[in-house]
Amino acid sequence: MHRGHVVSQGPLSLAHVWQQPPRLLIVDAACPSWARVCSNLCEALQNFFSLACSLEGPTRVPLFSMYVVQSRHECILPFVQVKGNFVRLQACISELRLVPREGICQQKSCLNLAVQDGLQQFKQHSRHTMVSAAPSSPSVEITVLTCQPGKDIVKQLEGELQNTDMVSLRRLQVTEISKGDGPESVDSLWPSEAPAEELSTEECSILGTDIELQVIENDTVSIESFFKAWLQDSGTDQEHLHLLLPSRCFSSFSSARSEPMCLKCDLQERLLNPALLPGTAESPGGDFSYQMAPQSAASRYRLRVIKALESSGVCESVTYGLPFIIRPTSCWQLDWDELETNQQRFHALCHSLQKRQWLLLAKGEPPSPGPSQNGPASTFYIIFPSSSLTMLVKAVATCELLLPNSFPMPPEDPPEDILRSMEVGRLHPQRARATVPPLPLVPSLPPSRAPKMPAAKKASSEPVLLLSDDEEQLF
């Protein structure tokens, strides 16, 4: 740790890129399928808002409104602030439970009228109210939740909304709750996007805005997980992180390269910080993951890789704080070729590190280097590769913070009788059911924007990270 010599941006957080849009939920309560969904949906909404309303820090869902569509559309909740407003939202959920579950099937859907009315309501709210929670997001995201075939709903909306003013619409999403009644697998606990070949851009384009389609299972955990995605940063106006790789680790072209290679990445929280919940002992400002105060939107984190480490040589006890997921950026301001090349380089780095079972040690850097006598201590990070197109980053303690500990090795194996008494019988993992859903391994780019994933053996047009087999010659 170099005190007083390096200006650091401080540990990682998403404060400087936090841009959450208002949300409009349109519930398609068409009979008879509404009877299958109502209880699970209401329970999931209850669980989600009990969490979202009480989180400390910046508002993750600034505004929320809900429509219900049966024989006609009805706004059961106009746009209201979410934070600290659980009583109002709970009353809305209670009203949703009372929507009739039996009746005559509607002959013609009026989902398009709910979309149009919701957009008009949002425009009026924006004109007459100062939306302090989201001053830089004058557009709304609309989610249509339905039990009907999602592709049919997408095509229907595409045709009926052709002449609708979509200026204030940030995204329109159709979420189909599947009719599967069998026991769900672990993979089914997270929403999945419809394959791109099933929904072409030409089919679902409305005035330049793509309608996205997702399919989720009809159970409380899956529906709640879908809503929890609203708590994550969804902005793509700029990349969040620049990962700087040393120039000496690039093939034979390194002699002509004076600047390090820069991988442009996005940050994503892996889990919510428990200290953001009310009644916790720790203060939200106590640890690096808790620092959510707004910063300059122009700033980006810079992590400079300084060494590669053997994964077996890193002890988990020296890492601290909440982890972050880093992935290739989906910033819309980058051109297509740069996005694709950046993704190929990111993939090559993950592949090389996994092949050699290495981790990366990186140091946080200021946005513009310069001497400082009073700068805070540098923050160091360990970057863990994965088999997916993501890596995990965690802060690592320096020697000044470590306390003395002893880790004695046992002199011999435990006695056989004690060992037998401690063992268990054969486990049956196929019978176990995960209660915590895994991280969904889906690209962050929408189908109409995501560059194609290159094959593992495809060579990039630019020299990528080629690590030497001699570990002592690294960097």
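Residues numbered from 1 in each chain as written. Predicted model: local features only at pLDDT ≥ 70, side-chain atom pairs only at ≥ 80, totals over all residues. Heavy atoms only, no water.

As recorded in an unreviewed UniProt entry, the chain goes by the name Meiosis 1 arrest protein isoform X3, listed as coming from Phascolarctos cinereus.

Participant: Outline the packing of aromatic side chains, listing residues and values.
Facilitator: According to the stated counting rule, one finds nine aromatic pairs in the structure shown. Taken together, the ring pairs connect Phe 48, Phe 49, Phe 64, Phe 226, Phe 227 and Trp 230 into an aromatic cluster. Looking at Arg 356, its charged tip hangs above the ring of Trp 358, at a distance of 5.7 Å from the centre. (Phe/Tyr/Trp six-rings, centres within 6.5 Å; stacked < 30°, edge-to-face > 60°. Lys NZ or Arg CZ within 6 Å of the ring centre and 35° of its normal.)

Participant: Describe the nonpolar core, and please don't skip the residues or the numbers.
Facilitator: Membership of the largest hydrophobic core comes to 39 residues, with the highest contact counts inside it found for Leu 41, Met 66, Leu 96 and Phe 227. Mapped by element, the contributors of at least two residues to this core are strand E1 (23-28), helix H1 (34-52), strand E2 (63-69), strand E3 (73-81), helix H2 (86-97) and helix H5 (220-228). At eleven residues, the largest contribution of residues to this core is made by H1. The next biggest cluster of nonpolar side chains, apart from the first, holds 25 residues, and it includes Leu 111, Ala 114, Val 140 and Ile 142. (Core = buried A, V, L, I, M, F, W, Y, C linked by side-chain atoms within 4.5 Å. Buried < 20%, exposed > 50% of the residue type's maximum accessible area, 1.4 Å probe, protein only. Helix = DSSP H or I, 4+ residues; strand = E, 2+ residues; numbered from the N terminus.)

Participant: Explain the environment of Phe 324 to me, using residue names and the numbers behind them.
Facilitator: Residue position: Phe 324 is located in strand E12 (residues 319-328). According to the relative accessible area criterion, Phe 324 is buried, its value standing at 3%. Between the C-alpha atoms of Phe 324 and Ala 395, which are 71 residues apart in sequence, the distance is 9.6 Å.

Participant: Tell me about H1, and please be specific about residues and values.
Facilitator: Along its 19 residues, H1 runs 25 Å from first to last C-alpha, staying within 8% of the 27 Å computed at 1.5 Å per residue. Summarising the contacts, the buried residues of H1 are in contact with E1, E2, H2, strand E4 (140-146), strand E5 (169-177) and H5. (Expected span 1.5 Å × (residues − 1). Contact = heavy atoms within 4.5 Å.)

Participant: Could you give an account of unusual backbone geometry, naming the residues involved and the relevant values?
Facilitator: Geometrically, the link from Cys 31 to Pro 32 is a cis peptide bond, its omega value of 5° lying close to zero. Mapping Pro 32 onto the fold places it in the loop between E1 and H1.

Participant: I'd like to hear about the sheet that holds strand E10 (residues 261-269), residue by residue, with values.
Facilitator: Two strands in a sheet stick together by hydrogen bonds in their backbones, pointing the same way (parallel) or opposite ways (antiparallel). One closed barrel accounts for seven strands, arranged E9-E10-E12-E15-E14-E13-E11; its pairing is mixed. Neighbour-to-neighbour, the strand axes of the sheet open up by a mean angle of 40°, direction not taken into account. Of the pairings in the sheet, the one linking E12 to strand E15 (residues 391-396) comprises five bridges and is antiparallel in character. The partner of Ile 326 across the bridge, within E15, is Met 391. Packed on one face of the sheet, helix H6 (residues 336-356) meets strand E9 (241-245), E10, E12, strand E13 (358-365), strand E14 (380-385) and E15 and runs near 85° to E10. (Pairing = 2+ DSSP bridges. Axes fitted to C-alpha atoms, helices over the stretch in contact; angles between N-to-C directions.)

Participant: Outline the confidence of the model for the chain, supporting the account with residue identities and numerical values.
Facilitator: In the predicted model, the chain carries a mean pLDDT of 74, and 66% of its residues have values of at least 70. Contacts of residues 1-9 to residues separated by more than four positions or lying in other chains number 31 contacts, the stretch itself having pLDDT below 50. Contacts for the low-pLDDT stretch residues 131-136, under 50 throughout, to residues beyond four places or in other chains number seven contacts. (pLDDT = per-residue confidence, 0-100.)

Participant: Tell me about the pattern of salt bridges, residues and numbers included.
Facilitator: Tallying each qualifying case throughout the model produces ten salt bridges. Residue Arg 171 is joined to Glu 141 by a salt bridge in which the shortest nitrogen-to-oxygen separation is 3.1 Å. Remark: Glu 141 occurs in strand E4 and Arg 171 occurs in strand E5; sequence separation between them is 30 residues. A relative accessible area of 24% means that Arg 171 is categorised as partly exposed. With its nearest N and O atoms 3.5 Å apart, the salt bridge here joins Glu 365 to Arg 302. Pair noted here: Glu 365 is in strand E13 and Arg 302 is in strand E11 (residues 301-310), with a separation of 63 residues, a long-range link. (Salt bridge = Lys/Arg side-chain N within 4 Å of Asp/Glu carboxyl O.)

Participant: Outline the pairing of E4, supporting the account with residue identities and numerical values.
Facilitator: Judged by how many residues are buried, E4 sits mostly within the fold: seven of seven residues are covered. What you see with E4 is no split at all: Val 140, Ile 142, Val 144 and Thr 146 on one side and Glu 141, Thr 143 and Leu 145 on the other are buried throughout. Here E4 pairs with E5 via seven bridges, running parallel. Each bridged residue has a counterpart across the sheet, and for Val 140 the counterpart in E5 is Leu 169. In the classification by handedness, the crossover that spans E4, the intervening helix H4 (residues 150-160) and the parallel E5 is right-handed. (Right-handed = clockwise from strand over helix to strand, strands pointing away.)

Participant: I'd like a rundown of the state of the cysteines, residues and numbers included.
Facilitator: All told, the structure shown has zero disulfides when counted by the stated rule. There is no disulfide at Cys 350, and the cysteine sulfur nearest it, in Cys 265, is 9.0 Å away. (Disulfide = S-S within 2.5 Å.)

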